[in-house]
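Listed here are the chains, written in short residue letters.
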Amino acid sequence: MKFNTGRWATVILLSLLMLGCSSIRARTDIVDQDDKWRVYPGVRQDVNDFGTLMKGQPLKTDEEGVQPGWINGIVGFILAFDLPFSTVFDTVVVPYDLYRIYNPEAFRKNDRASTDK
């Protein structure tokens, strides 16, 4: 059996890129809502989503409003696996979050300037 280094490197790289995805997702969801910006948004989103799953409610439903139960199991596993990585990522970007919370006018000016161009 031949060991394919390139294939394993690709799998490891893609796995590392997915880590902390709740932190990135939480920041892109609230980018237009300065009053909703908080510290540790990825951890908050992981915990809220995991709590929703533990109550037996689906996170999102398809067009018919039905979602297979096994999807909730996979999503729960991913959320539990992602939580420590989101915690580390959110800890690293705490200075940015605090700056954004205490200086929202700086971001509003930049957003308006970029849309005027």
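This text follows the structure it describes.
The structure reproduced in this document is the subject of the present report.

**Observations concerning the packing of aromatic side chains**
Given two aromatic rings, their pairing is described by the distance between the two centres and the angle made by the two planes.
Move 1: Under the definition given, this model contains three aromatic pairs.
Move 2: With 6.4 Å between their ring centres and 15° between their planes, Phe 77 and Phe 81 make a pair best called stacked. With Phe 77 and Phe 81 both in helix H4 (residues 69-92) and four residues apart, the pair spans about one turn of that helix.
Move 3: Taking relative accessible area as the criterion, Phe 81 reaches 45% and is therefore assigned partly exposed.
Move 4: Between Phe 81 and Phe 85 the ring centres are 5.4 Å apart and the planes differ by 50°, which places this aromatic pair in the tilted class. Residue Phe 81 and its partner Phe 85 are both found in helix H4; the two are separated by four residues, about one turn of the helix.

**A closer look at helix H5 (residues 94-102)**
Move 1: Taken together, the buried positions of H5 are occupied by Val 94, Asp 97 and Arg 100. One side of H5 carries all its buried residues, which in axial view fall inside an arc of 125°. With respect to the buried face of H5, the exposed residues turned more than 90 degrees away are Pro 95 and Tyr 102.

**Here's the deal with the packing of helix H2 (residues 21-29) against helix H3 (residues 41-54)**
Move 1: Put simply, H2 and H3 touch, their axes get as near as 7 Å, and they point 100° apart. In terms of axis orientation, H2 runs roughly perpendicular to H3. Where H2 abuts H3, its residues Ser 22, Ser 23, Arg 25, Ala 26, Arg 27 and Asp 29 lie against Pro 41, Gly 42, Gln 45, Asp 46 and Asp 49.
Move 2: Grouping the amino acids of the contact of H2 with H3 by side-chain chemistry returns two nonpolar, four polar and five charged.

About the thresholds
Residues numbered from 1 in each chain as written. Predicted model: local features only at pLDDT ≥ 70, side-chain atom pairs only at ≥ 80, totals over all residues. Heavy atoms only, no water. Phe/Tyr/Trp six-rings, centres within 6.5 Å; stacked < 30°, edge-to-face > 60°. Helix = DSSP H or I, 4+ residues; strand = E, 2+ residues; numbered from the N terminus. Buried < 20%, exposed > 50% of the residue type's maximum accessible area, 1.4 Å probe, protein only. Arc of directions from axis to C-beta. Axes fitted to C-alpha atoms, helices over the stretch in contact; angles between N-to-C directions. Parallel < 35°, antiparallel > 145°, perpendicular 65-115°, else oblique. Contact = heavy atoms within 4.5 Å. Nonpolar A, V, L, I, M, F, W, Y, C, P; charged D, E, K, R; others polar.

Shape is all these values report; function is a separate question.
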